[in-house]
Amino acid sequence: QVQLVESGGGLVQPGGSLRLSCAASGSIISVDAMNWYRQPPGKQRELVAGITRDGSTNYADSAKGRFTISRDNANNTMYLQMSSLKNEDTAVYLCNAYVRKTPYSVTLRYWGQGTQVTVSS
């Protein structure tokens, strides 16, 4: 069993900041790429940012300059520091991770349940 649990969401005013966490646990040998997605109300899920095991990152244009993705490999945890938040950042934020469960297995993708971020005055 592998579980991904997001935390850190909440209500914040425009211009504010939040830090999201995504912790992977269970039968894990290693975690390769990890990603943050979001799904705004009534819209499709979209990629926000991704990070490889060695720390290479990529961001959606909407996140560049405002969001920072990072990870702690020792604890299989990923973070998303969000600043200068806007109303349009309101969404359910979900993480996924590509997990290796045995030394010679392929990686499998797992998803968390999501955490709500609401930006409103």
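As shown above, the structure is provided for reference.
Residues numbered from 1 in each chain as written. Predicted model: local features only at pLDDT ≥ 70, side-chain atom pairs only at ≥ 80, totals over all residues. Heavy atoms only, no water.

### Observations concerning unusual backbone geometry
With phi around 50 degrees, N76 is a residue other than glycine that occupies positive phi space. With respect to the secondary-structure elements, N76 resides in the loop between strand 7 (67-72) and strand 8 (77-82). Overall, N76 belongs to the buried group, its relative accessible area being 18%. Positive phi, normally seen in glycine, also occurs at S84, with a value near 50 degrees. Structurally, S84 can be placed in the loop between strand 8 and strand 9 (91-100). (Helix = DSSP H or I, 4+ residues; strand = E, 2+ residues; numbered from the N terminus. Buried < 20%, exposed > 50% of the residue type's maximum accessible area, 1.4 Å probe, protein only.)

### Here we look at the nonpolar core
Residues W36, L80, M82 and Y93 are the most contacted members of the largest nonpolar core, which totals 29 residues. Mapped by element, the contributors of at least two residues to this core are strand 1 (2-7), strand 3 (18-26), strand 4 (30-39), strand 5 (46-51), strand 7, strand 8, strand 9 and strand 11 (115-119). Of all the elements, strand 9 adds the most residues to this core, at five residues. L80 has contacts with L18, R19, L20, W36, V48, A49, F67, T68, I69 and Y93, leaving out every residue within four places of it along the chain. (Core = buried A, V, L, I, M, F, W, Y, C linked by side-chain atoms within 4.5 Å. Contact = heavy atoms within 4.5 Å.)

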